[in-house]
Amino acid sequence: MALIVQKYGGTSVGTTERIEQVAKRVAAAHARGDQVCVTVSAMSGETNRLVELGTAVDPGAAPREIDVLLSTGEQVTIALLSIALHKLGCPARSFTGRQAGIRTDDAHSKARILNIDATRLRSQLEAGEVAVVAGFQGTDTEGNITTLGRGGSDTTAVALAAALEADECQIYTDVDGVYTTDPRIEPNARRLERITFEEMLEMASLGSKVLQIRAVEMAGKHNVPLRVLSSFEDGPGTLITYEEDGMEQPLISSIASNRDEAQLTMAGIPDKPGIAYAVLGPIAAANIEVDMIVQNVGDDASTDLTFTVHRNDYERALEIVTRIGEEVGASSVTGDNGIAKLSLVGVGMRSHAGIASRMFEALAGVGINIRMISTSEIKISVVVDDKFLELGVRTLHEAFGLANEA
Ligand code: ADP
Ligand code: ASP
Ligand code: MG
């Protein structure tokens, strides 16, 4: 007998018919004799609808109330899934985040799970019944409802798996595994049998939304056996592996892309110690995260500084940089929120030279201009014009032969 945690995303529970399909899958696992703890997202589109309702009343609504509002989406699906399970004769009970013992910090809309008191869930499972837990939510130490950030049900699933010491955490979604790139952008993308935890972490941080980054981080920390599967068809999915075995790793495992960033440039600033701090200090003080940073070597006593921030922070960052620009006497301050980031990810990159030049050659071949570059041991990212995202992904997918069996 195994203990498994299953998570079903928004599309998988998007209609009552789909919820009944999910119930069949859960009931089948239960019938095999497994202990099953399920967590679900809100029905697809519901969280967005709730966000719109809140902002329609007041764009500056109190974060505490927004979390009360957003958490209702998942409360609907736990009840519907439990009802569907009962209809199939499968014993089940729904649990809100609080009832499931999920404690978080008090950072509304991006709360971190501190611990899970799994006593109630354990006795539910030991009684031979399915536990259906609301994803994406918890309560802080004061009892206020919190949410874990968009895509946060993945994190709920992994945290439950860690707390229950599950044999496997299964993330059921609308694709049948992790692909060489987003299959919606490149139809020739190929499902990966397995991917290393490190690669998955890079992919999540570079914008592949198949798993929330916090979920991947937590899985790594607790060594949670994690698999991504389809809710619509049977198949092996993709296993996230934690140890690289002796096998030769593929050079490039996947291509990630996103349009989540914006670029800011301050040109003609004095080239002297402390200038990067003068610009980036106030950005950090405003709680704006900076991703890529490039400082050019100026030809005289001045230099240019370009950096990227999340697109949601663009207006605020531009305001700050404009103000600083005046203070330090910059010749110009410009911004652009029409950018995209393309990234190659692969642990095999560590031991191979020349990947970057192959990447640049492929992009140049289709006339894509690279604006910024950043690298780490297992990834290379470039910033390009937003309009080139799809072409860039397809070109790199082809150039690195990802469509062919590795
Ligand atoms: P869920 O609602 O189940 O959480 P998401 O929409 O959050 O599902 O994540 C699944 C989506 O992630 C897929 O529909 C796919 O378009 C996208 N995606 C992006 N990159 C990848 C990738 N490399 N492999 C698989 N899916 C990816
Ligand atoms: N319902 C939340 C969202 O749409 C959480 C999740 O689906 O994982 O972001
Ligand atoms: Mg998701």
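Residues take numbers from 1 onward in each chain, read along the sequence in its written order. Whichever chain is written first becomes A and whichever ligand is written first becomes 1, with later ones labelled in order. Thresholds applied to this predicted model are a pLDDT of at least 70 for local features of residues and 80 or more for the giving and counting of side-chain atom pairs; totals over whole chains, interfaces and linings are not thresholded and use all residues. Excluding hydrogens and water, the side-chain figures rest on all heavy atoms present in the structure.

Trainee: Any chance you could break down the sheet that holds strand 17 (residues 332–336) for me, citing the residues and the numbers?
Mentor: Two strands pair if DSSP finds at least two bridges between them. Secondary structure elements follow DSSP: runs of H or I no shorter than four residues count as helices, runs of E no shorter than two count as strands, and numbering proceeds from the N terminus. In spatial order, the strands read 15-16-14-17; together these four strands make up an open sheet with antiparallel pairing. Each edge of the open sheet is held by one strand with a lone partner, namely strand 15 (290–295) and strand 17. Strand-to-strand, the axes of this sheet are offset by a mean angle of 15°, without reference to chain direction. Pairing between strand 14 (residues 261–270) and strand 17: five bridges, direction antiparallel. In the sheet register, Q263 faces strand 17, and the bridge partner there is D336. Note on definitions: angles span 0 to 180 degrees between N-to-C directions of axes, and those axes are lines fitted to C-alpha atoms, for helices only across the stretch in contact.

Trainee: Go over the packing of helix 1 (residues 16–31) against helix 4 (residues 72–87), please, and point to the residues and values.
Mentor: As a packed pair, helix 1 and helix 4 sit with axes 9 Å apart at the nearest point and diverge in direction by 60°. Looking at the two axes, helix 1 sits oblique to helix 4. Of the two possible hands of crossing, helix 1 and helix 4 adopt the one that is right-handed. On helix 4, the residues that touch I19, E20, V22, A23, V26 and A27 of helix 1 are T77, L80, L81, A84, L85 and K87. Charged residues are taken to be Asp, Glu, Lys and Arg, nonpolar residues to be Ala, Val, Leu, Ile, Met, Phe, Trp, Tyr, Cys and Pro, and polar residues to be all remaining types, Gly included. Of the residues that constitute the contact of helix 1 with helix 4, the class distribution is nine nonpolar, one polar and two charged. Every angle not falling under 35 degrees, over 145, or within 65 to 115 is termed oblique; those three ranges are roughly parallel, roughly antiparallel and roughly perpendicular. Definitions for this section: a left-handed crossing has its near helix turned counterclockwise from the far helix by less than a right angle. A right-handed crossing has that turn clockwise. By definition, residues are in contact when any of their heavy atoms lie within 4.5 Å.

Trainee: An account of the site of ligand 1 is requested, with residue identities and associated values reported.
Mentor: The local shell around ligand 1 holds 17 residues, among which T173, D174, Y179, D182 and R184 are the closest. As used in this structure description, the phrase polar contact means that two N or O atoms lie within 3.5 Å; if the pair is within protein, one of them must be able to donate a hydrogen and the other to accept it, and residues adjacent in sequence are counted only when both atoms belong to side chains. Within the backbone of G10, a nitrogen or oxygen atom sits 3.2 Å from an oxygen atom of ligand 1. In the model, an oxygen atom of ligand 1 is placed 3.4 Å from a nitrogen or oxygen of the K209 side chain. Where accessible areas are quoted, they stem from the Shrake-Rupley method and a 1.4 Å probe; at the residue level, only the protein chains shown are allowed to cover. Computed on the free molecule, ligand 1 has an accessible area of 570 Å², of which 91% lies beneath the protein chains in the complex. The near set for a molecule or strand comprises every residue that places at least one heavy atom within 4 Å of it.

Trainee: Describe the pattern of salt bridges, listing the residues and the values that go with them.
Mentor: Here, a salt bridge means any side-chain nitrogen of Lys or Arg that lies within 4 Å of a carboxyl oxygen of Asp or Glu. Summed over the entire model, instances satisfying the criterion amount to 20 salt bridges. Between D386 and R259 there is a salt bridge, and its shortest N-O distance comes to 3.0 Å. Residue D386 is found in the loop between strand 20 (379–385) and helix 12 (389–399), and its partner R259 is found in the loop between strand 13 (254–258) and strand 14; the two are separated by 127 residues along the sequence. By sharing partners, the salt bridges in this structure join R259, R311, D386 and E390 into a single network.

Trainee: Describe the site of ligand 2, listing the residues and the values that go with them.
Mentor: Neighbouring ligand 2 are the residues S41, A42, T47, E74, F136, R150, G151, G152 and S153. With respect to ligand 2, the side chain of E74 contributes an N or O atom lying 2.7 Å from a nitrogen atom. The contact in question runs from an oxygen atom of ligand 2 to an N or O atom on the backbone of S153, over 3.0 Å. Protein coverage of the free-state accessible area of ligand 2, which is 260 Å², stands at 86%.

Trainee: Please give an account of the nonpolar core that cites residues and values.
Mentor: In plain words, nonpolar cores are sets of buried Ala, Val, Leu, Ile, Met, Phe, Trp, Tyr and Cys residues tied together by side-chain atoms within 4.5 Å. Exposed residues in this analysis have more than 50% of their type's maximum accessible area, buried residues have under 20%, and partly exposed residues fall in between, with area computed by a 1.4 Å probe over protein chains only. Core analysis: the largest hydrophobic core is formed by 43 residues, its most contacted members being V5 and C169. Tallying contributions element by element places helix 6 (residues 153–163) first for this core, with five residues. Of all hydrophobic cores here, the second largest spans 23 residues; its members include I4, A27, L81 and Y172.

Trainee: Describe the environment of A157, with residues and values.
Mentor: Tracing the backbone shows A157 in helix 6. We classify A157 as buried; its relative accessible area is 0%. If sequence neighbours within four positions are ignored, A157 has contacts with V5, K7, T39, C169 and I171.

Trainee: Could you give me a rundown of the environment of C169, with the residues and numbers involved?
Mentor: Its location among the elements puts C169 in strand 9 (residues 168–173). Each C-alpha atom, one on C169 and one on V5, is 4.8 Å from the other, the two residues being 164 residues apart in sequence. When residues no more than four places from it in sequence are discounted, the contact partners of C169 are V5, A157, V158, A161, V224, P225, L226 and R227.

Trainee: Got a sec to walk through unusual backbone geometry? Specific residues and values, please.
Mentor: The backbone of F136 sits at a positive phi, close to 75°, despite the residue not being glycine. With respect to the helices and strands, F136 occurs in the loop between strand 6 (130–134) and strand 7 (137–139). Taking relative accessible area as the criterion, F136 reaches 4% and is therefore assigned buried. Positive phi outside glycine occurs at N223, with the angle close to 55°.

Trainee: Account for the sheet that holds strand 19 (residues 372–376), naming residues and giving values.
Mentor: Backbone hydrogen bonds are what pair the strands of a sheet, in a parallel or an antiparallel way. Taken in spatial order, the four strands make up an open sheet running 13-18-20-19, and their pairing is antiparallel. Of all strands in the sheet, those with a lone pairing partner are strand 13 and strand 19, marking the two edges. Pairwise comparison of adjacent strand axes, ignoring direction, gives a mean angle of 20° for this sheet. When strand 13 meets strand 18 (residues 339–345), the two strands line up antiparallel, connected through five bridges. Bridge pairing in strand 18 places N258 opposite K341.

Trainee: Tell me about the pairing of strand 20, and please be specific about residues and values.
Mentor: Most of strand 20 sits out of view: six of its seven residues are buried. The pairing of strand 18 with strand 20 spans seven bridges and is classified as antiparallel. Across the sheet, I339 pairs through a bridge with D385, a residue of strand 20. Two strands pair when backbone bridges link them, and strand 19 and strand 20 are joined in this way by five bridges, in the antiparallel orientation.

Bear in mind that shape data such as this cannot, by itself, settle questions of function.
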